[in-house]
Amino acid sequence: MYSAVRTNDYDYPESEMDERESLYFDTISLAESEAAAAAAAHRKSISQSRNTIYHSAVDLAGDEGGGGSGGGRLRLGGGAAAEHAALAWQPGYRQSTALEHLNGGGGGGGDHTDAAIAAQMIALQNGRNHLPTGIGVTGDGGQGGGDDETYRRFDDGKRSVDFVLAYNGETQLEEHRRKCEIFEANLQREGLQLEHNKVQRVHFIKIHAPAEVLYRYAEILKIKVPLKPIPGQDQIFAESAHEFKTCFSRMCKSLFSSVQLNTALFPEREPRIHLEFSRNYLELYDTEHPNFLDASTRYSIINFILQRQRFVEGEETADNLGIEKLVQDGVYTCAYTLHDKDDRDRLLKEWANISKWKNLQPLDQIKDYFGAKVALYFAWLGFYTQMLIPISVFGVLCFLYGFITWNSDPISRDICDDNGTIMCPQCDRSCDYWRLNETCTSSKFNYLIDNNMTVVFAFSMAIWAVVYLEFWKRYSAGLVHRWGLTGFTHHVEHPRPQYLARISRTKKLAGKAYEQDHTGKRTILDPDVPFWSFKFLPNFTSYSIMVLFICISVIAIAGIIIYRMAQRASHSILGSENSMTFKVMILPMTAGIIDLIVISLLDMVYSNLAVKLTNYEYCRTQTEYDESLTIKNYVFQFVNYYSSLFYIAFLKGKFVGYPAKYNRVLGFRQEECNPGGCLMELCMQLVIIMAGKQAVNAIVEMLIPYLMRTFKELSYRHGWYKSHQDQRLVPYNQFTEDYNLLPAENNSLYVEYLEMVVQFGFITLFSLAFPLAPLLALLNNVIEVRLDAIKMLRFLRRPVGMRARDIGVWHSIMTVVTRIAVASSAMIIAFSTNLIPKIVYAASMGDPELNNYLNFTLAVFNTKDFQVQPLLGGSQHVNETVCRYTEFRNSPEDPHPYKRPMIYWKILTGRLAFIVIYQNIITMLQGILRWAVPDVSGRLLKRIKRENFLLREHIIEYEKQHAMKLVQTELNGQQKSEGELRQRNNETVIRNRDEATSFV
């Protein structure tokens, strides 16, 4: 029993009330706003009212429990809670905040007093005779912490809250109130059950879908649900399981037992056969199975209903329906589904946890909680991460090969041993001659990525990409079948309400959008929208703007290139122009960082613009909308992220000219490859952009929501909010807790997919320049899986579950990137590595040891032929008459000085031949792999056929028995009717005989 409370109700001095306590009633936002305003205006009355209401709640709680010492009979879930309640009335005590209650308390676990008082006041306002056992308050035998029967249920404690609508009850306009009434009345006509909660400033409407409504719409939406066990299915499942349980699989399972799921928390599901729901076959379905109309399915059904209900009387148009339109107009502040406390806690502990990074994902439970679309994303991300393991190991081995053979490279050895080769200046005026051996270190680093294993690694990456994509299709087919989505197509999707609204606003289509019967009732139709008349102009405008932004991105990259040229042409403020540190490290790194900043800014601007452009198009279904948005975004991101890398790989240093005639852009000399080679600079640029992008995404996804939540918490704690509407809600049940979370948008997975697919492009298109790129991607993805899970469970409201059978257009995008990667790898090997020049030199000069290869690659230049003589000043190279430069050209003494020699054309021919041969061989092998690895495994295909046969036979038998029952019922009815008729005839005969006898 609790008795340590202040004995005098009004003996609470104002000096003991700190700032957080003075704002107590402001944060609770009582329904009587005038009383709350008066309380905020008079601090002394706040302290008096606080004590009065507190002790009233204590007395009310005591009336239920009976007895108690000191008149204080508040029950707070044990002695520890009572101690916190007593401390709450001591001077200097820190009141805990609503978010701390939500997050489990701050400091040493947090106190629950404030939430308990809030819950007691809410109980008083609702006129209940018991206290809600929400946060930290328990009833008789209650456990607290959300175990109250009304925590996420209706007030009767029986019906679950499946969906919630929220609106501002204090400032609601009359027009908005009328729309709410019409909309809610239409929801009730559909069979949904509603209950209002008007305790705080924000009012809530709790929605529950009875079984009848779920059954009706499950049949309309063709949702597949599991059947009860049928004869013959055990044999199919047993044979399939036996095929999968090979010796190798059993050995792998025992070897990797540490990564397996906790079967106590995530038990393995029994396989079942699924059938589209029909009320005629209700007896056949297993209503106790977890997949039978699970939470995500129920939420999707309710969302489907909400999207199609009207909120305006009179003339009904497609522009006057749907919850999204109401939220957009401010009638409702939001509409969302609720997290499930037990399921979320289990997922947070075993899945959304960095310490569980090596464990497998509970995909079945993720599907039940978030729906198939989200579950497929996490399944794909996990599969992609696992497939990165072998190629990462091979990349590390290739990199180690470079280290092991570091000293065996003849080129770097010759560069380091050379003392007499003088190289031409790298800029016109300010640069001096330099010695070739100054690039000794950079040439050795270049060998790490340009060695004999480069081609092998590029070949392995090309094969790996195809194997990954083909095996993902096989793996996802098994998942989809297990979840009962085999055969699901997007053709069953209903039109988007926004699409119908757009049609209704188009004059030429408005007449086809409705049909009116003889009673005057109008029915919305789904008319055909001609492409050239209506769709062409929006699509053309949308993609034209995309091309415009692509041009802006290319211009930005060109600006960075010109910046680098200008830096070469003048003394750098970052270091000496002639220092190798500047040439090899500082200039490429600063340019890469500037490039990353420009890329990120253009990304943010275009991502928001792409949504508006897609809204302008005629996208009939949500799938069409998502695919259109994805294609526009990815094409832009492809150019935005990869253009600088393509420039370094294919253009930089290829058209420089020679000292007597440099090719110039805006008066600047074109960039030459660094002394370490262009492949080394490509490696540096790849690391900067790839790692920088992952860091930026981590900041945007995790740090910014955390900072926003922290700032919001500090604002509430210190009273920085400006208006009464900015006051927080006291989270005392699930729907008030989830109201404080960030909204989950329908295309929220687009950002996650884009991040990973761009990363896939980095490692397939350019990873031969940095074999450790797959390892970086692997390390990032191991953490990314858990961070995405934490974000969805902690920071976002629960998304509406959506059905899906694959990852959509993203698979096609990765297939295209894989084919581009083959050509990209071939061209990088041919033009950015020394492979082809080495082969041609060894074949032409008969020097397989490449002893004179370095001198072979350096052309000779007479310094008197400079277009612009360098200003050498006090340089030691003032009297140099000859310098060398990296190019294949004739010497000054040749009859055709500085022209291309025959060896150059041989090397060019070899490069082009290599591109053709390499690309054709890889393309042929990829085609063979695609043919050899079917999208659906033979075992699964055989199982699907057997299940379909068994299902047909079972339905036929059921229909036969049902027909026999009907016939038997009719026969019994006929026999009963005939018996009743004979009985009536007999009674008539007897009555006539009696009448005749009495007459006689």
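Residues numbered from 1 in each chain as written. Predicted model: local features only at pLDDT ≥ 70, side-chain atom pairs only at ≥ 80, totals over all residues. Heavy atoms only, no water.

(A) Broad picture of the pattern of salt bridges. Overall, the coordinates contain 31 salt bridges when judged by the stated rule. In this structure, Arg177 and Glu174 form a salt bridge, with 2.1 Å as the shortest nitrogen-oxygen distance. Placement of the pair is Arg177 and Glu174 together in helix α8 (residues 174–189), with a separation of 3 residues, close to one helical turn. A residue is classified by how much of its surface remains accessible, and Glu174, at 51% relative accessible area, is exposed. The shortest N-O distance in the salt bridge between Lys473 and Glu470 comes to 3.4 Å. Here Lys473 and its partner Glu470 are both found in helix α19 (residues 453–482), 3 residues apart, which amounts to about one turn of the helix. The class for Lys473 is partly exposed, based on a relative accessible area of 23%. Given a relative accessible area of 4%, Glu470 falls into the buried group. (Salt bridge = Lys/Arg side-chain N within 4 Å of Asp/Glu carboxyl O. Helix = DSSP H or I, 4+ residues; strand = E, 2+ residues; numbered from the N terminus. Buried < 20%, exposed > 50% of the residue type's maximum accessible area, 1.4 Å probe, protein only.)

(B) Broad picture of the packing of α19 against helix α32 (residues 902–932). Close contact between α19 and α32 brings their axes to 10 Å; oriented N to C, the two are set at 25°. On the basis of their axis angle, the class for α19 and α32 is roughly parallel. Crossing of α19 against α32: the hand is right-handed. The segment α19 lies against α32, with Ala458, Phe459, Ala462, Ile463, Val466, Val467 and Glu470 engaging Tyr918, Ile922, Leu925, Gln926, Leu929 and Arg930. Its residues placed into classes, the contact of α19 with α32 shows 10 nonpolar, 1 polar and 2 charged. (Axes fitted to C-alpha atoms, helices over the stretch in contact; angles between N-to-C directions. Parallel < 35°, antiparallel > 145°, perpendicular 65-115°, else oblique. Left-handed = near helix turned anticlockwise from the far one by under 90°. Contact = heavy atoms within 4.5 Å. Nonpolar A, V, L, I, M, F, W, Y, C, P; charged D, E, K, R; others polar.)

(C) Here's a closer look at the sheet that holds strand β1 (residues 163–168). With antiparallel pairing, the 4 strands of this open sheet are ordered in space as β2-β3-β1-β6. Either end of the sheet is taken by a strand with one partner, and the two such strands are β2 (193–197) and β6 (334–336). On average, each strand axis in the sheet is tilted by 20° relative to the strand beside it, whichever way the strands run. Here 6 bridges tie β1 to strand β3 (residues 202–208), and the two strands are oriented antiparallel to one another. Bridge assignment links Tyr167 to a residue of β3, and that residue is His203. Set on the sheet, α8 makes contact with β1, β2 and β3; between it and β2 the angle comes to about 140°. Along the sheet face, helix α12 (residues 295–306) touches β1 and β3 and points at about 45° away from the line of β1. (Pairing = 2+ DSSP bridges.)

(D) Structural view of the pairing of β1. Burial of β1 is extensive: 6 of the 6 residues sit out of reach of the surface. Neither face of β1 is exposed, since Phe163, Leu165 and Tyr167 on one face and Val164, Ala166 and Asn168 on the opposite face are all buried. Summarising the sheet, β1 and β6 pair through 3 bridges and their orientation is antiparallel. Directly across from Leu165, in β6, lies its bridge partner Ala335.

(E) Representation of the packing of aromatic side chains in the model. Overall, the coordinates contain 57 aromatic pairs when judged by the stated rule. Consider the rings of Trp351 and Phe370, whose centres lie 6.4 Å apart with planes at 55°: the pair is tilted. With Trp351 in the loop between α14 (341–350) and α15 (363–370) and Phe370 in helix α15, the pair connects residues that are 19 residues apart, well separated along the chain. Both residues of the pair, Trp351 and Phe370, count as buried. Between Phe914 and Tyr918 the ring centres are 5.5 Å apart and the planes differ by 25°, which places this aromatic pair in the stacked class. Of this pair, Phe914 and Tyr918 both sit in helix α32, 4 residues apart, which is roughly one turn of the helix. The class of Tyr918 is buried, set by a relative accessible area of 7%. (Phe/Tyr/Trp six-rings, centres within 6.5 Å; stacked < 30°, edge-to-face > 60°.)

(F) Up close: the confidence of the model for the protein. Scored by pLDDT, the protein has a mean of 76; 72% of the residues are at 70 or more. Throughout residues 996–1000 the model reports pLDDT below 50, and contacts reaching past four residues in sequence, or to other chains, amount to 0 contacts. (pLDDT = per-residue confidence, 0-100.)

(G) Up close: the environment of Thr857. With respect to the secondary-structure elements, Thr857 resides in the loop between α31 (853–856) and β15 (858–862). For Thr857, a relative accessible area of 13% translates into the label buried. As for Thr857 and Tyr885, which are separated by 28 residues in sequence, their C-alpha atoms are 8.5 Å apart. Apart from the residues lying within four places of it in its own chain, the contact partners of Thr857 are Tyr885, Thr886, Glu887 and Phe888. In this structure the side chain of Thr857 is engaged in a polar contact, spanning 2.8 Å, whose partner is the backbone oxygen of Leu854. (Polar contact = N/O pair within 3.5 Å; in protein donor to acceptor, adjacent residues only side chain to side chain.)

(H) View of helix α17 (residues 410–417). Turning to α17, its buried residues number three or more, namely Pro410, Ile411, Ser412 and Ile415. Looking at the buried side of α17, the elements it contacts are α18 (440–449), α30 (835–845) and α31.

(I) A look at the nonpolar core. Counting residues in hydrophobic clusters, the biggest one holds 126 residues, and the most contacted among them are Trp380, Trp464, Tyr468, Tyr634 and Tyr642. The element best represented in this core is helix α16 (residues 372–404), accounting for 16 residues. Filtering out sequence-adjacent residues up to four positions away, Tyr634 remains in contact with Tyr642, Leu754, Val757, Val758, Trp810, Ile813 and Val817. With 45 residues, the next largest nonpolar core counts Leu165, Ala209, Ile305 and Leu306 among its residues. (Core = buried A, V, L, I, M, F, W, Y, C linked by side-chain atoms within 4.5 Å.)

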